[in-house]
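Here is how the chains run, residue by residue.
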Amino acid sequence: MSGLEEISEDERVRIASDFINAAPPGEFKEVVNDVRVLLANDKLLTRASSVFYEYATDQFTTVKVDGEDTLITKDGSLDGSKRFYDPKSSKSFTYNYLKNEASDVQEEDRDAGAEKWREAIQSALKPYLDEFFPAHVTAVYGKLEDDQVTITVCIEDHKYNPNNFWNGKWKSKWDVKFPTAGGYAKVEGTMSAQVHYYEDGNVQLLSNKAVEESVQISSPNEGADNVVAFIKKSETEYQMAINENYTSMSNTTFKALRRNLPITQTLIDWHKLHGFQVGKDIMNKS
């Protein structure tokens, strides 16, 4: 490369991995295909594919297992690679990242010590999610370790509209931890909204918020209702804050990025300007 330092293969793999890991929601395959063209080396792409797991689990990628949607998450990973667990059906499967397909589906045993709590929260979530997230996919995991129950709730909803050059995703994760005897549970949640708009440009929004609370959980049903009430309250407040923030930004911050008028304080007539340029070209040729 004339005048430039040659990039090593390791550096090319790192750059390719960064591109893939930064792919906007709903655009994973397109980014991988573009990276493949840039690398022009399938062996390097194979090395970069190690980031597929991180991307898919971070995005709560959806996949169908026996006709039902479930999520690809770290909490559902069985081997830290391609094998995942669906808590709703209690089935495990092998995931193909490029094809977004599940195969080798097998029945798995549930964690009996946490199941009554897990199932109660899963059932209590459904009315709330059906009302506010029409296309939601949810995975509720449960485990019992050393007399402590841990329930992890992963929620995902998205709308992809590539024909109009935008894609968006909502996801949230909630960890609920409490002793088997009940009492109070510590609930920690993280919510995230990501939007990509790319018509005649490239604009992304990525917003995150973390919350935590202690809720009473003396029985599975009462505990589930209290956990879901906190989730609903937190997500509603977060969504309202996003709406208020960007309504305000459109009237202040975005307007401050450019002048309402040029320095001359007069609007530019672009059509007339183009006509002047055409006339000038004609005169120069004559």
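See the structure above.
Each chain carries its own residue numbering, running from 1 in the written order of its sequence. Since the coordinates come from a predicted model, pLDDT governs what is reported: local features require at least 70, and pairs of side-chain atoms require 80 or more to be given and counted, while whole-chain, interface and lining totals use all residues. Hydrogens and water molecules were not included; the side-chain quantities draw on all heavy atoms of the structure.

Participant: What should I look at first to understand the nonpolar core in this one?
Facilitator: Across soluble globular proteins, nonpolar side chains show a tendency to be buried alongside one another. Only buried Ala, Val, Leu, Ile, Met, Phe, Trp, Tyr and Cys residues count toward a nonpolar core, and they belong to the same one when joined by side-chain atoms within 4.5 Å. Each residue gets one of three labels from its accessible area relative to the maximum for its type: buried under 20%, exposed over 50%, partly exposed in between, using a 1.4 Å probe on protein chains only. Of all hydrophobic cores here, the largest spans 32 residues; its most connected members are L125, I151, V153, W174 and F178. Strands are runs of DSSP state E lasting at least 2 residues, helices are runs of H or I lasting at least 4, and numbering of each runs from the N terminus. Every element with two or more residues in this core is listed here: α5 (112-132), β7 (148-161), β8 (166-179), β9 (184-197), β10 (203-216) and α6 (220-251). If you tally residues by element for this core, the top one is α5, at 8 residues. Ranked by size, the runner-up nonpolar core spans 24 residues in total, among them A16, L44, F84 and F93.

Participant: I tried to follow the pairing of strand β4 (residues 91-96) on my own but got confused; where do I start?
Facilitator: Where a strand is regular, its side chains alternate between the two sheet faces. A pair of strands is considered paired only if DSSP assigns at least 2 bridges between the two. Note: strand β3 (residues 83-86) against β4, 4 bridges, orientation antiparallel. Pairing of D86 across the sheet is with K91, part of β4. In this structure, β4 lies alongside strand β5 (residues 101-107), joined through 5 bridges in antiparallel fashion. Paired with S92 across the two strands is Q106, which belongs to β5. Where β4 hands over to β5, the hairpin turn is made up of 4 residues, of which N100 adopts a positive phi near 50°.

Participant: Help me understand the side chain of R83 in this model?
Facilitator: Note on placement: R83 falls in strand β3. Polar side-chain contacts of R83 include one of 2.7 Å to the side chain of T94. Note on contacts: a residue pair is in contact if any heavy atoms of the two residues lie within 4.5 Å. Residues within four places of R83 in sequence aside, it is in contact with G76, S77, L78, S92, F93, T94, S103, D104 and Q106. Under this definition, polar contacts are N or O atom pairs within 3.5 Å; protein pairs additionally need one hydrogen-donor-capable and one acceptor-capable atom, and for neighbouring residues in sequence, both atoms have to be side-chain atoms.

Participant: Can you help me understand the pattern of salt bridges in this one?
Facilitator: It is possible for side chains of opposite charge to pair when their charged atoms get near one another. In the sections that follow, a salt bridge refers to a side-chain nitrogen of Lys or Arg positioned within 4 Å of a carboxyl oxygen of Asp or Glu. Considering all chains together, one arrives at 16 salt bridges under this definition. The shortest N-O distance in the salt bridge between K91 and D66 comes to 2.7 Å. Taken together, the residues span a long stretch of sequence, with K91 in strand β4 and D66 in the loop between β1 (61-65) and β2 (68-72) at a distance of 25 residues. Here R118 makes a salt bridge to E115, at a shortest N to O gap of 3.0 Å. Linking R118 with E115, this pair stays in helix α5, spanning 3 residues, or about one helical turn. On the accessibility criterion, E115 (16% relative accessible area) is buried. The network of salt bridges with shared partners includes E9, D10 and R47.

Participant: Teacher, can you tell me more about helix α1 (residues 9-21) here?
Facilitator: Two residues of an α-helix separated by three or four positions point the same way, owing to the 3.6 residues in each turn. Over its 13 residues, α1 extends 18 Å from the first C-alpha to the last, a length consistent with the 18 Å expected when each residue adds 1.5 Å. Along α1, the residues classified as buried are V13, A16, S17 and I20. Seen end-on, α1 carries its buried residues on one side only, within an arc spanning 100°. As for α1, its buried residues are in contact with α2 (28-39), α3 (42-48) and α4 (52-58). Every helix has an expected span of 1.5 Å times one less than the residues it contains. Our arc is simply the arc of the directions from the helix axis toward the C-beta atoms.

Participant: Hey, could you run me through the environment of Y55 in this one?
Facilitator: Mapped onto the elements, Y55 comes out in helix α4. Along the sequence, Y55 and I20 sit 35 residues apart, while their C-alpha atoms lie 7.7 Å from each other. Once residues lying within four places of it in the same chain are set aside, the contact partners of Y55 are I20, N21, A23, P24, P25 and F28. Here A23 takes part through its backbone oxygen, which lies 3.1 Å from a polar atom of the side chain of Y55.

Participant: I tried to follow the layout of surface pockets on my own but got confused; where do I start?
Facilitator: Over the atoms rolls a probe the size of a water molecule, and in doing so it shows where empty space is left. When its volume is computed, the largest pocket comes out at roughly 600 Å³. The definitions used throughout rest on a 1 Å grid laid over the protein atoms alone, on which a cavity is an enclosed set of points accommodating a 1.4 Å probe that cannot get out and a pocket is an open set flanked by protein within 12 Å on both sides along at least five of seven lines; lining residues are those having an atom within 4 Å of a point. Taken together, 22 residues form the lining of the largest pocket, with A193, Q194, V195, L205 and I242 sitting closest to its centre. Those elements that provide at least two residues to the lining of the largest pocket are β7, β8, β9, β10 and α6. Grid points are joined across faces, edges and corners, and a volume is the space filled by probe spheres set on the points. Quantified by volume, the second largest pocket comes out at close to 390 Å³. Taken together, 20 residues form the lining of the second largest pocket, with D75, Y85, Y141, G142 and K143 sitting closest to its centre. The set of elements that each furnish at least two residues to the lining of the second largest pocket consists of α5, β6 (137-145), β7 and β8. Classification convention: Asp, Glu, Lys, Arg as charged; Ala, Val, Leu, Ile, Met, Phe, Trp, Tyr, Cys, Pro as nonpolar; all other residues, Gly among them, as polar. For the lining of the second largest pocket, the class distribution of residues is 5 nonpolar, 5 polar and 10 charged.

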